[in-house]
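Report on the structure
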Amino acid sequence: MPEGDAVYRTAARLREALDGRVLTRSDFRVPRHATADLTGRTVLTTVSRGKHLLTRVEGGLTVHTHLRMDGRWRVTPAGRGPRGGAGDTVRLVLANSEWEAVGISLGMVDLLRTADESRVVGHLGPDLLGADWDPAEAVRRLREDPARTIGEALLDQRNLAGIGTIYRAETLFLRGVWPWRAVGDIADVEGIVTLAHRLLDANKARAGTVTTGDRRPAAQTWVYGRAGRPCRRCGARIRRGEMGAQAQERLVLWCPGCQPP
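Residues numbered from 1 in each chain as written. Predicted model: local features only at pLDDT ≥ 70, side-chain atom pairs only at ≥ 80, totals over all residues. Heavy atoms only, no water.

Let's talk about the overall build of the protein chain
Helices and strands together make up the secondary structure of the protein chain, namely 6 helices and 10 strands. In terms of C-alpha radius of gyration, the protein chain reaches 20 Å, essentially the compact-globule figure of 18 Å for 261 residues. Each of the three principal axes of the protein chain carries a C-alpha extent, and together these read 60 × 40 × 30 Å. A buried classification covers 47% of the 261 residues belonging to the protein chain. Long-range contacts, defined here as pairs at least 24 residues apart, represent 59% of the contacts in the protein chain between residues at least 6 apart. In the structure as shown, the protein chain presents an accessible area of about 12200 Å², 47% of it carried by carbon and sulfur atoms. When the 40 basic and 30 acidic side-chain charges of the protein chain are each reduced to a single mean position, those positions are 5 Å apart. (Helix = DSSP H or I, 4+ residues; strand = E, 2+ residues; numbered from the N terminus. Rg over C-alpha atoms; globule rule 2.2 N^0.38 Å. Buried < 20%, exposed > 50% of the residue type's maximum accessible area, 1.4 Å probe, protein only. Contact = heavy atoms within 4.5 Å. Areas by Shrake-Rupley, 256 points an atom, 1.4 Å probe, with all protein chains shown as cover. Lys, Arg positive; Asp, Glu negative; His and termini not counted. Charge placed at Lys NZ, Arg CZ, Asp CG, Glu CD.)

Digging into the packing of helix H5 (residues 165-175) against helix H6 (residues 189-203)
At a closest axis distance of 10 Å, the pairing of H5 and H6 adopts a crossing angle of 125°. If you check the angle between H5 and H6, you find them oblique. Between H5 and H6 the crossing geometry is right-handed. The segment H5 lies against H6, with Tyr167, Glu170, Thr171, Leu172, Leu174 and Arg175 engaging Gly191, Ile192, Leu195, Ala196, Leu199, Leu200 and Asn203. When grouped by side-chain class, the residues that make up the contact of H5 with H6 number 8 nonpolar, 3 polar and 2 charged. (Axes fitted to C-alpha atoms, helices over the stretch in contact; angles between N-to-C directions. Parallel < 35°, antiparallel > 145°, perpendicular 65-115°, else oblique. Left-handed = near helix turned anticlockwise from the far one by under 90°. Nonpolar A, V, L, I, M, F, W, Y, C, P; charged D, E, K, R; others polar.)

Observations regarding the environment of Ile192
Mapped onto the elements of the fold, Ile192 is located in helix H6. When its relative accessible area of 1% is taken as the criterion, Ile192 is described as buried. It is 18 Å that separates the C-alpha atoms of Ile192 and Pro256, two residues lying 64 residues apart in sequence. For Ile192, the contacting residues outside a window of four places in its chain are Ile150, Leu154, Thr171, Leu172, Arg175, Val177 and Ile186.

Some points on H6
The terminal C-alpha atoms of H6, which comprises 15 residues, lie 22 Å apart, in line with the 21 Å expected from a rise of 1.5 Å per residue. Against helix H1 (4-18), helix H3 (135-143), helix H4 (150-155) and H5 lie the buried residues of H6. (Expected span 1.5 Å × (residues − 1).)

As for the sheet that holds strand S4 (residues 61-66)
Spatial ordering of the open sheet is given by S2-S3-S4-S8, a layout of 4 strands whose pairing is antiparallel. With one partner strand each, in any of the chains shown, strand S2 (43-49) and strand S8 (108-113) form the two edges of the open sheet. For this sheet, the mean inter-axis angle between neighbouring strands, taken without regard to orientation, is 20°. Summarising the sheet, S2 and strand S3 (residues 52-57) pair through 6 bridges and their orientation is antiparallel. Residue pairing for S3: Thr45 is matched across the bridge by Arg56. Each of S2 and S3 touches H1; the most contacted strand, S2, lies at about 175° to it. (Pairing = 2+ DSSP bridges.)

Structural notes on the packing of aromatic side chains
The full count for this structure, using the stated rule, is 3 aromatic pairs. Ring centres of Phe173 and Trp222 lie 5.5 Å apart, and the angle between their planes is 25°; on these two criteria the pair is classed as stacked. Here Phe173, found in helix H5, pairs with Trp222, found in the loop between H6 and strand S9 (239-243); they are 49 residues apart in sequence, far enough to count as distant. Here Trp178 and Trp180 contribute two aromatic rings whose centre-to-centre distance is 5.6 Å and whose plane-to-plane angle is 45°, an arrangement assigned as tilted. A residue is classified by how much of its surface remains accessible, and Trp178, at 24% relative accessible area, is partly exposed. Take Trp180: its relative accessible area is 28%, and that puts it in the partly exposed class. The structure contains a cluster of three or more aromatic residues connected by ring pairs, namely Trp178, Trp180 and Trp254. Directly above the ring of Trp222 sits Arg233, whose terminal nitrogen or CZ lies 4.8 Å from the centroid. (Phe/Tyr/Trp six-rings, centres within 6.5 Å; stacked < 30°, edge-to-face > 60°. Lys NZ or Arg CZ within 6 Å of the ring centre and 35° of its normal.)

Laid out in structure tokens, this is it:
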């Protein structure tokens, strides 16, 4: 699932193509909004909120989308050609005279009043890449359940919004914290939150995820994508497993040498 930095970049791409321009086409390919038509309305802006996207349109309306696991937005010059490739499921098209934004395999597509955006993002914790990022509030939310594992707590978007399996793995490795350690047993939760913010912020303007400082393809991360390979620091084999409630398990990676129980 795309993480907060990737969604942040998607919002920037949509702003470049749509902001301040009048829609010449809108095509909602979801049953609930199949008859909706935003043609003739000006797009005001698109903002990211954690892993959610909010495209605000003239007339007090917001298009809410979420990429989930496989979704993406493709932006191309208007009139270039087919909107989807083989196997693509187009869920939404927003176009103006210059650009066409095509939402493919989007996990969520909603049309609601801008005043009601809290219905879809109001449950989220502080946005790691938001202008209103509040680390103290994120720490407070994490500490509300001291018995919960830090690995599960970090992925709960109600605590802080935007972190996923990649940044969880890299943040906990760099802090030397075992993913199954209880939040209440961690003295420096603030340090974990601060580092997660720094990592996402460092990657928000570029494609890919670099946490080592080395941009070479095989050297960009410490543990993510490196299961079974030697740790770059201690040489122990990186381990992988699953974490979370049944049917909601998510991939977790760690170094048994640098992140002991």
